[in-house]
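Per-entry structural report
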Amino acid sequence: MEEKKRVRDIVVPGEEIRVEGKPGRGVFVENGKMYSAYLGILDVRAGYVNVIPLSGCYIPKKGDKVIGKIVDLAPMNWVVDINAPYYAPLHVNDVPWRVEFGDTGRFLSIGDVILAKVSNVNELGQVWITMKEPGLRKLEGGHIIKIAPSKVPRVIGKGGSMIQMLKDYTNCRIYVGQNGMIWISGSPDGIITVIKAIRMIENEAHTYGLTDRIKEFLERGEE
Amino acid sequence: MGMKADIRLIDDNGLRIDGRLPNQLRPIRMEVGVVKRADGSAYVEWGGNKIMAAVYGPREAYPKHVQDPNRAIVRARYNMASFSVDERKRPGPDRRSIELSKVISEALTSVIFVEKFPRTAIDVYIEVLQADAGTRVAGITAASLALADAGIPMRDLIVGCAAGKVDGVVVLDLNKEEDNYGEADVPMAILPRTGEIALLQMDGDMTYEELTNAMEMAMEAAREIYRMEIEALKGRYGGDVNE
């Protein structure tokens, strides 16, 4: 952190955005002018002006793969914390096992962590999730860390480059949920390195040339 | 406002008891992201005021009957520490802090896009660690920074600023002596982008002209405080402040 890093344009709530383009996410229009709704990074993509928040909670979107923690059991469903403002119910019909009525605790109990998909969201903010899809399962062992959901794309990198690099250097298995929950499994040293790298990504998400710096960090750590 | 006292609050040169000009603010320092476990937080030092604000949420609102199916509810809690004033304040909510919590909640609701988070609550805790008049406006300023830090969508940052009347002169940002022995105090919360007013209270007596004058003075100062807010938020990420 010695040399000065180039930083992306940061905007604050209510700041006018004087950039050509159509209003996209994180932007609102008043009297024909665009303003930022968040403290975030200005991002112009495909003719749309977006503001990517620097922090904030996860807003579920249909089709997102998320990592959730079971917080409660009911005879016909589990209640899952997916780091959103609302808990998500997981119905017994949405899991890959045949569950008898009242027998939910035999399959998933409180504190278990699952990889699931958001199957539906309605305008009231209610969320339904499913595990009935290949690849979705209960995550056993490993470590869980949380980051700001808006920084998930930076952890994954362009075309998965960042996450692939982390996996290659540390031989860890990593799952990144769209909700900002990350599951890591591997050797203790590997896990520590991955957590350090992810915290570094989180703190420097708004700078340029991040992948190179993380690569440098991993190479140093391996010695 | 208070009682008449023998002390002179404005001297022959027109300077105030702490050496300020009538339209001069006290020194202000802001810091963002001071409470690690909160979703967003801020600390503001405003003259002798020391105020901490922390934001949690949006999260599901409980008890369930307070939920609004169309929007988030904003629950601000203004609280003064027992050691924040000269004579120990009895801890816990009293009539004054319940009222301030209510008006601050309403002022903050007006800037937050509450309709984006149905059925949720956004909790804002404002803790006054040291009080020196104008805590509600400093608290609103801190709350605004904490909300922005928590990544909550807002129409604008919100700026709190007070004006008042002391020894017959309209002055900006009263300190404790001026508040206690002056004639009037007008705390305001301003949205600097549009110049809208989210909170306006008055304690004491003023003529219409004096009130207009005081409000204009606060509006002017709001722009300066707004600049400091932007600086505090952008400075945290090493951004270009002048941009």
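Being a predicted model, the structure only gives us computed values, none of them experimental.

**Some thoughts on the overall build of chain B**
Along chain B, the regular secondary structure elements total 4 helices and 10 strands. Tracing chain B from N to C terminus, the helices and strands come up as β-β-β-β-α-β-α-β-β-α-β-β-β-α. The C-alpha radius of gyration of chain B comes to 18 Å, within 12% of the 18 Å expected for a compact globule of 243 residues. Its C-alpha atoms put chain B at 55 × 45 × 35 Å along the principal axes. Considering only contacts in chain B between residues 6 or more positions apart, those separated by 24 or more positions represent 68%. Total accessible area on chain B is roughly 11100 Å²; 49% of this is exposed by carbon and sulfur atoms. Positive and negative charge centroids in chain B, built from 31 and 39 side chains respectively, lie 8 Å apart.

**Brief notes about the overall build of chain A**
If you tally the helices and strands in chain A, you get 4 helices and 15 strands. Over its C-alpha atoms, taken along the principal directions, chain A stretches across nearly 60 × 55 × 25 Å. Residues counted as buried form 48% of the 223 residues belonging to chain A. Across chain A, contacts joining residues at least 24 apart in sequence account for 59% of those joining residues at least 6 apart. Of the accessible surface of chain A, which amounts to about 11400 Å², a share of 49% is contributed by carbon and sulfur atoms. Seen as two clouds, the 30 positive and the 27 negative side-chain charges of chain A have centres 3 Å apart.

**A look at the packing of aromatic side chains**
Summed over all chains, the structure comprises 5 aromatic pairs over all chains. The interplanar angle of 25° and the centroid separation of 5.7 Å between the aromatic rings of A:Trp97 and A:Phe107 together place this pair among those described as stacked. Residue A:Trp97 is located in the loop between strand S9 (88–91) and strand S10 (113–121), and its partner A:Phe107 is located in the loop between S9 and S10; the two are separated by 10 residues in the primary sequence. Classification of A:Trp97 by relative accessible area gives partly exposed; the value is 29%. Seen from their ring centres, B:Tyr56 and B:Tyr125 are 5.8 Å apart, and the 70° between their planes marks the pair as edge-to-face. Here B:Tyr125 lies in strand S5 (residues 120–130) and B:Tyr56 lies in strand S3 (residues 49–60), a separation of 69 residues in the sequence. Judged by its relative accessible area of 27%, B:Tyr125 is partly exposed.

**Quick notes on the interface of chain B and chain A**
In this assembly, 30 residues from chain B lie in contact with 28 residues from chain A. Roughly 2300 Å² is buried in total at the junction of chain B and chain A, and carbon and sulfur atoms are behind 59% of that figure. Of all residues in chain B, B:Arg119, B:Arg193 and B:Tyr237 bury the most surface against chain A, accounting for 27% of the area lost on that side. Applying the counting criterion to the chain B and chain A interface returns 2 salt bridges. For the salt bridge of B:Arg193 with A:Glu30, the shortest nitrogen-to-oxygen distance reads 3.3 Å. At the junction of chain B with chain A, the criterion picks out 11 residue pairs in polar contact (both at pLDDT 80 or more). Only S3, helix H2 (135–149) and helix H4 (208–236) of chain B provide two or more residues apiece to the side of chain B that touches chain A. Looking at the side of chain B that touches chain A element by element, the count peaks at 4 residues for H4(B). Of the residues contributing to the side of chain B that touches chain A, the split by class is 15 nonpolar, 5 polar and 10 charged.

**Observations concerning the pattern of salt bridges**
Residue and element names in this part refer to chain B. Summed over all chains, the structure comprises 31 salt bridges over all chains. For Arg8, the salt bridge is made with Asp12, and the minimal N-O distance between the two is 3.1 Å. For the residue pair Arg8 and Asp12, the accessibility class agrees, reading exposed in each case. Among the salt bridges present, the one from Glu183 reaches Lys165, with a minimum N-O distance of 3.9 Å. With Glu183 in the loop between helix H3 (176–181) and strand S8 (184–191) and Lys165 in strand S6 (residues 159–166), this pair connects stretches of sequence that are 18 residues apart. There is no split in this pair, since Glu183 and Lys165 are both buried. Bridged by salt links that share partners, the residues Arg16, Asp18, Arg20, Arg26, Asp132, Asp173 and Glu178 form one connected network.

**Observations concerning the sheet that holds S3(B)**
Residue and element names in this part refer to chain B. Read from one edge to the other, the open sheet built from 5 strands follows the order S1-S2-S3-S5-S4, with strand pairing classed as mixed. Each end of this open sheet is capped by a strand with a single partner; those strands are strand S1 (28–32) and strand S4 (73–80). Ignoring strand direction, the axes of neighbouring strands in this sheet form an average angle of 15°. Bridging between S4 and S5 involves 8 bridges; their strand directions are parallel. Each bridged residue has a counterpart across the sheet, and for Arg77 the counterpart in S5 is Tyr125. Its contacts with the sheet put helix H1 (residues 95–109) on S4 and S5, and the angle it makes with S4 is roughly 140°.

**Observations concerning the side chain of B:Thr141**
Residue and element names in this part refer to chain B. By secondary structure assignment, the location of Thr141 is in helix H2. A distance of 3.2 Å separates the side chain of Thr141 from the backbone nitrogen of Gly160, its partner in a polar contact. Setting aside anything within four residues of it in sequence, one finds Thr141 in contact with Met30, Trp46, Ile158, Val159, Gly160, Ile225 and Glu229.

**Section: the nonpolar core**
Nonpolar side chains tend toward joint burial in soluble globular proteins. Ranked by internal contacts, the top residues of the largest apolar core, which has 71 residues, are B:Leu108, B:Ile112, B:Val124 and B:Leu147. Looking at which element gives the most residues to this core, the answer is H4(B), with 10 residues. Once you skip the residues sitting within four places of it in the chain, B:Leu108 turns out to touch B:Val74, B:Ala76, B:Val124, B:Ala143, B:Leu147 and B:Ile158. Counting 26 residues, the second largest nonpolar core, distinct from the first, contains A:Ile67, A:Trp78, A:Leu139 and A:Met181.

The rules we used
- Residues numbered from 1 in each chain as written.
- Chains lettered and ligands numbered in written order.
- Predicted model: local features only at pLDDT ≥ 70, side-chain atom pairs only at ≥ 80, totals over all residues.
- Heavy atoms only, no water.
- Helix = DSSP H or I, 4+ residues; strand = E, 2+ residues; numbered from the N terminus.
- Rg over C-alpha atoms; globule rule 2.2 N^0.38 Å.
- Contact = heavy atoms within 4.5 Å.
- Areas by Shrake-Rupley, 256 points an atom, 1.4 Å probe, with all protein chains shown as cover.
- Lys, Arg positive; Asp, Glu negative; His and termini not counted.
- Charge placed at Lys NZ, Arg CZ, Asp CG, Glu CD.
- Buried < 20%, exposed > 50% of the residue type's maximum accessible area, 1.4 Å probe, protein only.
- Phe/Tyr/Trp six-rings, centres within 6.5 Å; stacked < 30°, edge-to-face > 60°.
- Buried area = accessible area lost by both parts, 1.4 Å probe.
- Salt bridge = Lys/Arg side-chain N within 4 Å of Asp/Glu carboxyl O.
- Polar contact = N/O pair within 3.5 Å; in protein donor to acceptor, adjacent residues only side chain to side chain.
- Nonpolar A, V, L, I, M, F, W, Y, C, P; charged D, E, K, R; others polar.
- Pairing = 2+ DSSP bridges.
- Axes fitted to C-alpha atoms, helices over the stretch in contact; angles between N-to-C directions.
- Core = buried A, V, L, I, M, F, W, Y, C linked by side-chain atoms within 4.5 Å.

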